[in-house]
Each structure stands twice: as structure tokens, then as C-alpha cells.
Amino acid sequence: MARPSENRNDRRDRTEEPSEFVEKLVHINRVAATVKGGRRFSFAALMVVGDQKGRVGFGHGKAREVPEAIRKATEEAKKSLVRVPLRESRTLHHDGYGRWGAGKIQLRAAPPGTGVIAGGPMRAVLETLGVSDVVGKSLGSSNPYNMVRATFEALKVQSSPRQIAAKRGKKVGDILTRRNDGASSPESIEG
């Protein structure tokens, strides 16, 4: 049996292995608390974490130092991962609308080669999710916290044809007809 002190040293000496997650810093906010001697500053960080294969999460962390706030936000983001079904591993299955507070966003599936057309915090969420073709539009507030949460609300309602078929008790072929939205590549429709 190993002694406790050896285990502690092993943990400290181990180099950090590369993570399967992509981390993006969306926003850092310096906040001040007024105390007797003046102002005490701390930092709030908003992070988005995803595996670029359909899982994404966001987190918020506050600390006196920026790196500590980022670390806390990253840990929270990894705990709050959600799975989003993607069509052909590159776009969404259908259009979506999300709202959180005054932040309103629209997401639309797009044909191959479109790229990620979205701004700011919404772009960070979609890139870490692994979407390569999507069009997004922010309609309301540009507050990064509300935009990220509105984007997640839009992504949570995404459902694949397989999920719909299971819910209705039908086969996927009965539900799926030829799509004319332009977001499907011709090979995948005929195949």
C-alpha cells in the first residue's frame, strides 16, 4: 500500500493531459464592491466548453483574480454539458428560437459551405458545439449572459428525426421526406 505523501506528490508531478473539450472565453467583467477603505475589485468570467461533436455547456465564475475566475467558470461549464443532435455532424436539424430575459436569438440550418454566420457569444457556443454551417441572428439584448442562455434555450428544443419517430411510435422513413430547405447535401438525401 502506498503512503499518502507519495500519492500527493504523484498527483502534483503529473502533467495535465490534453482535454477533449474546446474552451472559449466569452466575456470577462470587472465588478467592484465598495467597502470601508475604498473599492474591492473582482472578476466574473463567462466560459463556453464543448467537444465539437454535439455536446456544449456554459459556466460563470467569480474570483479576485482572472485565471481563478476562468478556472471556476470552466469547471461549471463542464458540469452543465447538454447534448444537441446535429444533422450530418455539421448543422442543425431545424430552425430554432431562443429567449432568455431580453436576449432573443434565431438559429437556422444552412447548406454546406455556409459557415457559422453568428455574432459574439452565439458564435462561441455554436463553434464549441461543432456546428460548421448555421445562420444565427440576435434580435434583442446584446448582454453576453442573456445571449448565451438564449442560445442554449434554442439548442435544447432541437430534436432529430430519430427522436421524433421514437416519440410517435413510427419509423424514421415514415417521418423523413425529402427536405427542400437547402440544408441537406444532395448525397445524403438520395442515400
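Residues numbered from 1 in each chain as written. Predicted model: local features only at pLDDT ≥ 70, side-chain atom pairs only at ≥ 80, totals over all residues. Heavy atoms only, no water.

Engineer: Mind laying out the nonpolar core, listing which residues take part and the relevant values?
Structural biologist: Where a protein is soluble and globular, its nonpolar side chains tend to be buried together. Counting 23 residues, the largest nonpolar core has L107, L126 and L155 as its most contacted members. Among the elements of the structure, β2 (38–50), β3 (55–63), β6 (103–109), α3 (120–129) and α4 (144–156) are those that each provide at least two residues to this core. Among the elements that take part in this core, α4 stands out by supplying 6 residues, more than any other. In terms of nonpolar packing, the next biggest core, distinct from the first, is built from 5 residues, A45, M47, A63 and A73 among them. (Core = buried A, V, L, I, M, F, W, Y, C linked by side-chain atoms within 4.5 Å. Buried < 20%, exposed > 50% of the residue type's maximum accessible area, 1.4 Å probe, protein only. Helix = DSSP H or I, 4+ residues; strand = E, 2+ residues; numbered from the N terminus.)

Engineer: Which residues make up the sheet that holds β3, and what are the values?
Structural biologist: With respect to topology, 4 strands assemble into an open sheet ordered β1-β2-β3-β4, the strand pairing being antiparallel. The sheet is open, and its two edges are formed by β1 (22–35) and β4 (82–83), each paired on a single side. By the bridge criterion, 13 bridges tie β1 to β2 in an arrangement that is antiparallel. Paired with A33 across the two strands is R40, which belongs to β2. Across the face of the sheet, α3 comes into contact with β1, β2 and β3 while running at roughly 140 degrees to β1. (Pairing = 2+ DSSP bridges. Contact = heavy atoms within 4.5 Å. Axes fitted to C-alpha atoms, helices over the stretch in contact; angles between N-to-C directions.)

Engineer: How would you explain the sheet that holds strand β5 (residues 96–100) if you had to name every residue and give the values?
Structural biologist: Taking strand neighbours across the sheet as the criterion, the 4 strands line up as β5-β6-β8-β7 in an open arrangement whose pairing is mixed. The two strands at the open ends of the sheet, each matched to only one other strand, are β5 and β7 (116–117). The pairing of β7 with strand β8 (residues 134–138) spans 2 bridges and is parallel. Across the sheet, the residue bridging to V116 is V134, located in β8. Sitting on the sheet, α4 is in contact with β5, β6 and β8, with an inclination near 140 degrees to β5.

Engineer: Give me the lowdown on the packing of aromatic side chains, citing residues and values where you can.
Structural biologist: A full pass over the atoms with the stated rule returns 1 aromatic pair. Ring geometry for F58 against F152: centres 4.9 Å apart, planes inclined by 55 degrees, an arrangement best described as tilted. Taken as a pair, F58 in strand β3 and F152 in helix α4 lie far apart in primary sequence, 94 residues in all. (Phe/Tyr/Trp six-rings, centres within 6.5 Å; stacked < 30°, edge-to-face > 60°.)

Engineer: Break down unusual backbone geometry for me, citing the residues and quoting the values.
Structural biologist: Residues other than glycine seldom take positive phi values, yet Q52 does so here, at roughly 60 degrees. Its place among the elements puts Q52 in the loop between β2 and β3. Looking at Q52, the relative accessible area reads 44%, which means it is partly exposed.

Engineer: Go over the pattern of salt bridges with me, naming the residues and quoting the values.
Structural biologist: With the rule as written, the count across this model stands at 11 salt bridges. For the salt bridge of D133 with R90, the shortest nitrogen-to-oxygen distance reads 3.1 Å. Note that D133 is positioned in the loop between α3 and β8 and R90 in the loop between β4 and β5, a separation of 43 residues in sequence. For the pair formed by D133 and R90, the shared burial category is buried. In the salt-bridge network here, residues are joined through shared partners; they are E20, D51 and R55. (Salt bridge = Lys/Arg side-chain N within 4 Å of Asp/Glu carboxyl O.)

Engineer: I'd like a description of the packing of α3 against α4, backed by residues and values.
Structural biologist: Relative orientation of the contacting elements α3 and α4 amounts to 45 degrees, with a least axis distance of 8 Å. On the basis of their axis angle, the class for α3 and α4 is oblique. Two packed elements cross with a definite hand, and for α3 against α4 that hand is right-handed. Note on element contacts: α4 touches α3 through P144, M147, V148, T151, F152 and L155, opposite P121, M122, V125, L126 and L129. A breakdown of the residues in the contact of α3 with α4 according to their chemical character gives 10 nonpolar, 1 polar and no charged. (Parallel < 35°, antiparallel > 145°, perpendicular 65-115°, else oblique. Left-handed = near helix turned anticlockwise from the far one by under 90°. Nonpolar A, V, L, I, M, F, W, Y, C, P; charged D, E, K, R; others polar.)

Engineer: Give me the lowdown on the side chain of Q158, citing residues and values where you can.
Structural biologist: Within the element layout of this structure, Q158 appears in the loop between α4 and α5 (161–168). On the accessibility criterion, Q158 (5% relative accessible area) is buried. A polar atom in the side chain of Q158 sits 3.3 Å from the backbone nitrogen of H93. If near-sequence neighbours (up to four positions away) are discounted, Q158 is found in contact with V84, P85, L92, H93, H94, D95, G96 and Q163. (Polar contact = N/O pair within 3.5 Å; in protein donor to acceptor, adjacent residues only side chain to side chain.)

That's the geometry; what it means functionally is another story.
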